[in-house]
Amino acid sequence: MDETHDVISRMHQASYHENQPVSAEKQGLPFPQYLDEVRDESILIFLPDSSGFVPQDNNLIKVLNKRRSLRRYDDSVEMSTEELSYLLKYTQGVREIDQKRTLTNRFVPSAGSRHPFETFLLVQRVNGLTPGLYRYIAQRHALEVFDLDFEAILKAHDSTYKQKQVITSAVTFFWAANLYRTSWRYSTRAYRYINLDAGHVCQNLYLCAESIDYGVCAIAAFDDRLANQLFGLDEVERFVVYAASVGKRIALQ
């Protein structure tokens with residue numbers, strides 16, 4: 001077994017049920033914050049209600065057959081806020097808040113309905129939004145301005161090794177895990193579940209984007225430290241897990 005396989009094997013075995021330490025839940029430790037923290041209610045940018053939004057292609061089988069990873073976008077086209085609202089709603093939007101059980105029900109599955117992800121956005125071409133970094137506040141269906149400095153946009157490009165699809169995207173999604181939301185219940189097994197949850201979220205982005213003639217490219221090749229620093233994440237309790245660029249499909253592509 002080479003070194004790579006050895007490291008992966010040890011990571012895998014560390015999350016076996018039989019090797020897990022007692023979870024925080026069973027230890028009676030504090031319940032995790034299950035809603036996104038809002039830093040300043042007065043500056044939230046509320047997104048259009050997308051409950052009545054009808055995508056141009058509403059045929060699921062057609063969308064599934066059409067789905068591809070696309071790295072080339074029409075960079076002359078701006079995404080509308082209605083389209084962005086639609087993508088955010090069906091990737092991490094909140095369907096309902098269950099206050100009794102202190103959890104949220106959303107449009108994607110998540111282990112134990114823990115929903116550990118925060119969505120950060122690199123916005124470059126969305127009508128009505130200044131280019132920059134934003135944070136999605138899921139329970140309010142609103143955006144929080146994170147950093148509108150042009151240098152932040154360049155750092156976002158750097159964090160993904162300047163991949164062309166990020167530079168030319170209308171929006172790039174970054175999903176950061178809040179580890180304790182899942183590990184509170186599932187201990188070390190949480191690392192597996194978080195990665196599974198990320199796949200559920202990104203697949204919804206692919207399908208929803210295809211339904212409005214946008215392309216997506218999922219991105220796992222990013223500089224972890226730069227990405228985490230970009231969004232002020234501590235790399236222990238909160239860290240970027242996955243990203244995806246989104247842009248208008250080029251005609252006849």
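### A word on the environment of Gln 163
Argument step 1. Among the secondary structure elements, Gln 163 is positioned in the loop between helix H5 (150–159) and helix H6 (164–167).
Argument step 2. Remark: the alpha-carbon pair of Gln 163 and Arg 71, spanning 92 residues in sequence, is separated by 9.1 Å.
Argument step 3. Those residues within four positions of Gln 163 in sequence are excluded, and the remaining contacts are Ile 219 and Ala 221.
Argument step 4. At 2.9 Å, the side chain of Gln 163 forms a polar contact with the side chain of Gln 165.
Argument step 5. Side-chain polar atoms of Gln 163 contact the backbone oxygen of Ala 221, separated by 2.9 Å.

### Considerations on the packing of aromatic side chains
Argument step 1. Considering all chains together, one arrives at 11 aromatic pairs under this definition.
Argument step 2. With a centroid separation of 4.7 Å and an interplanar angle of 35 degrees, the aromatic rings of Phe 53 and Tyr 86 are classed as tilted. With a gap of 33 residues between them, Phe 53 in the loop between strand S1 (45–46) and helix H3 (60–66) and Tyr 86 in helix H4 (residues 81–92) connect regions that are remote in the sequence.
Argument step 3. Overall, Phe 53 belongs to the partly exposed group, its relative accessible area being 26%.

### Some thoughts on the pairing of strand S3 (residues 103–106)
Argument step 1. Where burial is concerned, the two faces of S3 agree: the one with Leu 103 and Asn 105 and the one with Thr 104 and Arg 106 are both buried.
Argument step 2. Note that strand S2 (residues 94–98) and S3 share four bridges and pair antiparallel. Bridge assignment links Val 94 to a residue of S3, and that residue is Arg 106.
Argument step 3. The antiparallel hairpin formed by S2 and S3 contains four residues in its connecting segment, where Thr 102 sits at a positive phi of about 50 degrees.

### As for the pattern of salt bridges
Argument step 1. Summed over the entire model, instances satisfying the criterion amount to 14 salt bridges.
Argument step 2. Among the ionic pairs, Arg 101 bridges to Asp 98, the shortest N-O distance being 2.8 Å.
Argument step 3. Accessibility expressed as a relative area gives 19% for Asp 98, which makes it buried.
Argument step 4. Residue Arg 238 is joined to Glu 118 by a salt bridge in which the shortest nitrogen-to-oxygen separation is 2.8 Å. Within this pair, whereas Arg 238 is found in strand S9 (residues 238–248), its partner Glu 118 is found in strand S4 (residues 117–123), the two being separated by 120 residues in sequence.
Argument step 5. Note on Glu 118: relative accessible area 3%, which makes it buried.
Argument step 6. Salt bridges sharing partners connect three or more residues here, namely Arg 39, Glu 118, Arg 135, Glu 144 and Arg 238.

### Re the pairing of strand S5 (residues 132–137)
Argument step 1. A large share of S5 lies buried, amounting to six of its six residues.
Argument step 2. Pairing geometry for S4 and S5, over five bridges, is antiparallel. Bridged to Thr 119 within S5 is Tyr 136.
Argument step 3. By the bridge criterion, five bridges tie S5 to strand S6 (residues 142–147) in an arrangement that is antiparallel. Counted as the bridge partner of Arg 135 is Glu 144 from S6.
Argument step 4. The loop that links S5 with its antiparallel partner S6 comprises four residues; one of these, His 141, has a positive phi angle of about 45 degrees.

### Notes on the packing of H4 against helix H8 (residues 190–211)
Argument step 1. Direction vectors running N to C along H4 and H8 enclose 150 degrees, while the axes themselves pass 8 Å from each other. Classified by the interaxial angle, the pair formed by H4 and H8 is roughly antiparallel. Seen along the crossing, H4 lies across H8 with a hand that is right-handed. Here H4 contributes Tyr 86, Leu 87, Tyr 90, Thr 91 and Gln 92 to the contact with H8, which in turn contributes Val 201, Asn 204, Leu 205, Cys 208, Ala 209 and Ser 211.

Cut-offs applied
- Residues numbered from 1 in each chain as written.
- Predicted model: local features only at pLDDT ≥ 70, side-chain atom pairs only at ≥ 80, totals over all residues.
- Heavy atoms only, no water.
- Helix = DSSP H or I, 4+ residues; strand = E, 2+ residues; numbered from the N terminus.
- Contact = heavy atoms within 4.5 Å.
- Polar contact = N/O pair within 3.5 Å; in protein donor to acceptor, adjacent residues only side chain to side chain.
- Phe/Tyr/Trp six-rings, centres within 6.5 Å; stacked < 30°, edge-to-face > 60°.
- Buried < 20%, exposed > 50% of the residue type's maximum accessible area, 1.4 Å probe, protein only.
- Pairing = 2+ DSSP bridges.
- Salt bridge = Lys/Arg side-chain N within 4 Å of Asp/Glu carboxyl O.
- Axes fitted to C-alpha atoms, helices over the stretch in contact; angles between N-to-C directions.
- Parallel < 35°, antiparallel > 145°, perpendicular 65-115°, else oblique.
- Left-handed = near helix turned anticlockwise from the far one by under 90°.

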